[in-house]
Amino acid sequence: MSSRILPKFELLMPKTLAEAVELLGTYGEKATVMAGGTDLLVLMKDGVQSDYVLSLSGIKELAYLEFDDAAGLRIGAMATMADVVASDLVKEKYPALWTSAQINGTAQTRNAATVVGNILRASPAGDCCCAALAIGGSVLLQSPDGPREVDLDQFWLDYRKTARKPDELAVELKLPAPEPGMVSSFAALTRTASDISKINAAACLFMEGNVCQKARLTMGAVAPTTLRLKKCEELLAGKPLSDELLDQLATMAANEVSPISDVRSTAEYRSQISGPLLKRVIIDASALS
């Protein structure tokens, strides 16, 4: 039962990345990491308990958004959704990620919620999860033993379960530099404005004229984790876009997803809308090429 009263816990307030990593090495599974807190505080009011809450709010060095033409985009653990939305560079080079942040929650929550926090929550409905997986990339983790980088394709293991170890801190999300002809798009359907997505989809296409040389296609809230539609990717690769091909993809998408019914939608609706939503993001992305 939800309560306005948080359970008792000890708040840890490190001031540096090194101090935060040391604390995680000490407390491990007893500690829960908090960035913006927009998800964690709600979960704690619903009964989730932790002996220690390690807040990253005092670590200013993690609030970065950096781009390099060769290395790509680096989003620090304390960079907010609002920071992404305010970036013209992200809007131009990674439109799927920009859109996923721009529609996420309300202006108030975007000022606190972080992109890396959305990735770490591992919700299959996570908007940034869907967009980031379509673009490709990795999560940089730091433990007392040193850094470790995990590809997004291997990062989400199950419903709300990631490859992060208890003594590891997620430092940043890394997205590759755009290749020639790379375009992307994201879309989501919700019950009401600012609600959590009942289904979302993203496409990252590598176009040469009207021909899609390769693609990464993703969908959320249709499986225990954000899903790559690999059969659809294979069908699209090396072919010119056409109405007939997109109709084939729409049919195939419905066969790749395995949604459930919950408070936001039914499995039947998600299955039926998956194909049209996939077509929408592909058309939107290709229009940018």
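Residues numbered from 1 in each chain as written. Predicted model: local features only at pLDDT ≥ 70, side-chain atom pairs only at ≥ 80, totals over all residues. Heavy atoms only, no water.

Q: So, the overall build of the protein: which residues are in play, and what are the values?
A: Scanning the protein from terminus to terminus reveals 12 helices and 15 strands. In terms of its C-alpha atoms, the protein occupies a principal-axis envelope of roughly 60 × 45 × 30 Å. Per-residue burial for the protein yields a buried fraction of 50% across its 289 residues. Within the structure as shown, the protein displays about 13,500 Å² of accessible surface, and the carbon and sulfur contribution to it stands at 50%. Taking the average location of the 29 positive side-chain charges in the protein and that of its 35 negative ones, the two points are 5 Å from each other. (Helix = DSSP H or I, 4+ residues; strand = E, 2+ residues; numbered from the N terminus. Buried < 20%, exposed > 50% of the residue type's maximum accessible area, 1.4 Å probe, protein only. Areas by Shrake-Rupley, 256 points an atom, 1.4 Å probe, with all protein chains shown as cover. Lys, Arg positive; Asp, Glu negative; His and termini not counted. Charge placed at Lys NZ, Arg CZ, Asp CG, Glu CD.)

Q: Could you give an account of helix α1 (residues 17–27), naming the residues involved and the relevant values?
A: All buried positions along α1 are accounted for by L17, A20, V21, L23 and L24. Looking straight down α1, one finds that the buried residues subtend no more than 160 degrees of arc, so they occupy a single side. Opposite the buried face of α1, by more than 90 degrees, sit the exposed residues A18, E22 and T26. On its buried face, α1 sits against β1 (10–12), β2 (31–34), β3 (52–55), β6 (138–143) and β10 (169–175). Phi turns positive one or two residues past the end of α1, at G28, with a value near 50 degrees. (Arc of directions from axis to C-beta. Contact = heavy atoms within 4.5 Å.)

Q: Explain the packing of helix α11 (residues 243–256) against helix α12 (residues 267–286) residue by residue, including any values.
A: Direction vectors running N to C along α11 and α12 enclose 140 degrees, while the axes themselves pass 8 Å from each other. Judged on the interaxial angle alone, α12 and α11 are oblique. Classified by chirality, the crossing of α12 by α11 is right-handed. Between α11 and α12, the contacting residues are L246, D247, L249, A250, A253 and A254 on the first element and S271, S274, G275, P276, L278, K279, I282 and I283 on the second. (Axes fitted to C-alpha atoms, helices over the stretch in contact; angles between N-to-C directions. Parallel < 35°, antiparallel > 145°, perpendicular 65-115°, else oblique. Left-handed = near helix turned anticlockwise from the far one by under 90°.)

Q: Could you give me a rundown of helix α5 (residues 95–102), with the residues and numbers involved?
A: Across the eight residues of α5, six count as buried, placing the element largely inside the fold. Listing the buried residues of α5 in full gives P95, A96, L97, W98, S100 and A101.

Q: Requested: an account of the layout of surface pockets, with residues and values cited.
A: As a volume, the largest pocket reaches approximately 1,400 Å³. Lining the largest pocket we find 47 residues, and of these D39, L40, L43, G117 and R121 sit closest to its centre. Contributions of two or more residues to the lining of the largest pocket are made by β2, α2 (40–45), α7 (115–121), β9 (161–162) and β10. Among the elements that take part in the lining of the largest pocket, α7 stands out by supplying five residues, more than any other. Among the residues forming the lining of the largest pocket, the class breakdown is 19 nonpolar, 18 polar and 10 charged. Here the second largest pocket is characterised by a volume of approximately 340 Å³. The wall of the second largest pocket is formed by 18 residues, among which S123, P124, A125, Y159 and D262 lie closest to the centre. Within the lining of the second largest pocket, the residues separate by chemical class into 10 nonpolar, three polar and five charged. (1 Å grid on protein atoms, 1.4 Å probe; cavity = no way out; pocket = protein on both sides within 12 Å on 5 of 7 lines; lining within 4 Å. Points joined across faces, edges and corners; volume = space filled by probe spheres on them. Nonpolar A, V, L, I, M, F, W, Y, C, P; charged D, E, K, R; others polar.)

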